[in-house]
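Commentary on secondary and tertiary structure
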Amino acid sequence: MKHHIQAIKTYIIANKIEFIIGMSVVTAALIVVVAIALFAVNSAPKIAYQPASACDLFSPAKAKELLGNKALNSSMNSPVILKNTASSKCGYTDGNPDTNNMIVAAIIVRSGINDAGIQQNKTEFTSGKPTKNVEIVNGLGDNAYFNEELGQLNILSGHEWIILSFGVGSAPGTNTVDKSIELAHKVLR
């Protein structure tokens, strides 16, 4: 064993410059890897609140209660996480082959995943509310309004901003607040 240790010492002394260069390269590589790992960890969004999945809130069973047994899922996705919020959507149709008269029930859920996301939802919910053709809706979430022009019910509830649409898909302006509230009662937890 002493012979091997002596051989290593002799090799290092004979190749001192190459050894120093090699150790410098290994050290630099480790520093770069650690820096990249720290950057990746610090740039990922901090999730304090789990985002809601729209299709968990608006299940196929609930869609069939509204649209009948022929309800078809038309869109769905898992929450997509941005910086401070996550968005998810889910929609169903009544299965009517006539696209001009097809009834659509759809929701979009934007969840604040941290305190900054909750504040962002509140700010954008308020600033995005139109100044005309709006009906304030009481008794749903923390704040709610129906946008008559788009046929959408917007509800701010806890850390979630939920947008609901229920009516003829080709003419969302004909959606009514009553139908949207009916959908909201199925969706709200």
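Just so we're clear, the structure is a prediction, and the values are computed from it rather than from any experiment.

All right, on to the layout of surface pockets then. When its volume is computed, the largest pocket comes out at roughly 150 Å³. Contributing to the lining of the largest pocket are 14 residues, with Lys 89, Cys 90, Ala 106, Ile 107 and Ile 108 lying nearest its centre. Secondary-structure elements contributing two or more residues to the lining of the largest pocket are strand 1 (72-76), strand 3 (85-93), strand 4 (103-112) and strand 8 (160-168). Here the residues of the lining of the largest pocket sort into eight nonpolar, five polar and one charged.

With the rule as written, the count across this model stands at three salt bridges. A salt bridge links Glu 65 to Lys 186, with the nearest nitrogen and oxygen atoms 2.5 Å apart. Residue Glu 65 is located in helix 4 (residues 60-67), and its partner Lys 186 is located in helix 6 (residues 177-187); the two are separated by 121 residues in the primary sequence. Lys 179 is paired through a salt bridge with Glu 182; the nearest N and O atoms lie 3.6 Å apart.

Evaluated as defined, the whole model comprises one disulfide. With a sulfur-sulfur separation of 2.0 Å, Cys 55 is cross-linked through a disulfide to Cys 90. Note on the Cys 55 and Cys 90 pair: the S-S dihedral is about 100°, so by sign convention the disulfide is right-handed. Within this pair, whereas Cys 55 is found in helix 3 (residues 54-57), its partner Cys 90 is found in strand 3, the two being separated by 35 residues in sequence.

Next up on the list: the packing of aromatic side chains. Going through the model one piece at a time under the given rule, you end up with three aromatic pairs. A centroid spacing of 5.1 Å and a plane angle of 55° characterise the contact between Phe 125 and Tyr 145, whose relative ring orientation is tilted. Of the two residues, Phe 125 sits in helix 5 (residues 115-127) while Tyr 145 sits in strand 6 (residues 143-147), which places them 20 residues apart along the sequence. Judged by relative accessible area, which is 2%, Phe 125 ranks as buried. Pairwise contacts between aromatic rings join Phe 125, Tyr 145 and Trp 161 into one cluster.

Calculation criteria
- Residues numbered from 1 in each chain as written.
- Predicted model: local features only at pLDDT ≥ 70, side-chain atom pairs only at ≥ 80, totals over all residues.
- Heavy atoms only, no water.
- 1 Å grid on protein atoms, 1.4 Å probe; cavity = no way out; pocket = protein on both sides within 12 Å on 5 of 7 lines; lining within 4 Å.
- Points joined across faces, edges and corners; volume = space filled by probe spheres on them.
- Helix = DSSP H or I, 4+ residues; strand = E, 2+ residues; numbered from the N terminus.
- Nonpolar A, V, L, I, M, F, W, Y, C, P; charged D, E, K, R; others polar.
- Salt bridge = Lys/Arg side-chain N within 4 Å of Asp/Glu carboxyl O.
- Disulfide = S-S within 2.5 Å.
- Phe/Tyr/Trp six-rings, centres within 6.5 Å; stacked < 30°, edge-to-face > 60°.
- Buried < 20%, exposed > 50% of the residue type's maximum accessible area, 1.4 Å probe, protein only.

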